Amino acid sequence: MYRTLVIGYGNLDRGDDGVAHHVVNELRQRLGQPPLNEGDTGLEKLGAQVDSILLMQLVPELVDTLFDYDRVIFIDAHVREDMPDLYCTPVLPEYTTSAFTHHMTPAMILALVKLVHHRNPEGYIVSIRGHNFDFHRHLSLATQAMVPVAVETVLQIIAGEGSETAE
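Residues numbered from 1 in each chain as written. Predicted model: local features only at pLDDT ≥ 70, side-chain atom pairs only at ≥ 80, totals over all residues. Heavy atoms only, no water.

Caption draft 1: A look at the layout of surface pockets. Put simply, the second largest pocket is a space of about 240 Å³. Taken together, 18 residues form the lining of the second largest pocket, with Gly10, Leu12, His21, Leu54 and Met56 sitting closest to its centre. When residues of the lining of the second largest pocket are traced back to their parent elements, those giving at least two are β1 (4-9), α1 (19-30) and β2 (50-55). Here the residues of the lining of the second largest pocket sort into six nonpolar, eight polar and four charged. (1 Å grid on protein atoms, 1.4 Å probe; cavity = no way out; pocket = protein on both sides within 12 Å on 5 of 7 lines; lining within 4 Å. Points joined across faces, edges and corners; volume = space filled by probe spheres on them. Helix = DSSP H or I, 4+ residues; strand = E, 2+ residues; numbered from the N terminus. Nonpolar A, V, L, I, M, F, W, Y, C, P; charged D, E, K, R; others polar.)

Written out as structure tokens, the structure reads:
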């Protein structure tokens, strides 16, 4: 079985942008692991076959953490109306410049792991459509309904049952 790291990222204070927090904690429950409390990234508790962490955004410092994993699953929210409510696809390492100097994509993180450590973990993104990004701490009903579906999708990827799904 591959060592897998699930990285949830987003802002809990911006409504549906915090959906990754809910997905990661439901996943942890299903795996028999304790939930991550607000402000707890999970970085200090790594070492399982399947680990999970929560971040506000992707940062270059993750490169050294990813060195130990064979597979990385990124969880976030999306706003694109032309994409399904749950979008899951493989992510290939690709370095691209960003319009925002502080913004890193999953593909950029994987490209840095390949460049710095000569490792090429499998990458996947599971992205849930967000509907409300106002300043509050609850999910919209539509986004909340996708949390269990996203968890099942992550579990299927971990089990090696599928690398590309869209619902």
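Caption draft 2: Expanded view of helix α3 (residues 106-117). Given a rise of 1.5 Å per residue, 12 residues ought to cover 16 Å, and the 16 Å separating the end C-alpha atoms of α3 matches this to within 8%. Residues Pro106, Ala107, Met108, Ile109, Leu110, Ala111, Leu112 and Val113 constitute the buried set of α3. Looking at the residues trailing α3, positive phi occurs at His118, about 55 degrees. (Expected span 1.5 Å × (residues − 1). Buried < 20%, exposed > 50% of the residue type's maximum accessible area, 1.4 Å probe, protein only.)

Caption draft 3: Spotlight on the pattern of salt bridges. Taken as a whole and judged by the stated rule, the model has nine salt bridges. Across the pair Arg3 and Asp51 runs a salt bridge whose closest N-O atoms are separated by 3.0 Å. One end of the pair, Arg3, is in the segment before β1; the other, Asp51, is in strand β2, with 48 residues separating them in the sequence. What makes Arg3 partly exposed here is its relative accessible area of 22%. Salt-bridge contacts for Arg80 lead to Asp82; the nearest nitrogen and oxygen are separated by 2.6 Å. Given a relative accessible area of 43%, Arg80 falls into the partly exposed group. A single network of salt bridges, built from pairs that share partners, joins Asp13, Glu38 and Arg137. (Salt bridge = Lys/Arg side-chain N within 4 Å of Asp/Glu carboxyl O.)

Caption draft 4: Molecular detail of the nonpolar core. Ranked by internal contacts, the top residues of the largest apolar core, which has 26 residues, are Val23, Ile73, Ile75, Val126, Ile128 and Val154. If you list the elements that add at least two residues to this core, you get α1, β2, β3 (71-78), β4 (86-91), β5 (122-129) and α4 (141-159). Take this core: its biggest share by element is eight residues, from α4. Not counting residues up to four positions away in its chain, the partners in contact with Val126 are Ile73, Phe74, Ile75, Asp76, Leu86, Tyr87, Cys88, Ala150, Thr153, Val154 and Ile157. Ranked by size, the runner-up nonpolar core spans 21 residues in total, among them Leu62, Phe74, Met108 and Leu112. (Core = buried A, V, L, I, M, F, W, Y, C linked by side-chain atoms within 4.5 Å. Contact = heavy atoms within 4.5 Å.)

Caption draft 5: Seen up close, the confidence of the model for the protein. Considering every residue of the protein, the mean pLDDT works out to 92; 92% of them sit at 70 or more. Taken as a whole, residues 163-167 scores under 50 in pLDDT and shows 16 contacts with residues more than four places along the chain or in a different chain. (pLDDT = per-residue confidence, 0-100.)

Caption draft 6: Representation of the side chain of Ser140. Among the secondary structure elements, Ser140 is positioned in the loop between β5 and α4. The class for Ser140 is buried, based on a relative accessible area of 17%. For Ser140, the side chain forms a polar contact with the side chain of Thr143, separated by 3.1 Å. Sequence-distant contacts of Ser140, defined by excluding residues within four places in its chain, comprise Asp16 and His131. (Polar contact = N/O pair within 3.5 Å; in protein donor to acceptor, adjacent residues only side chain to side chain.)

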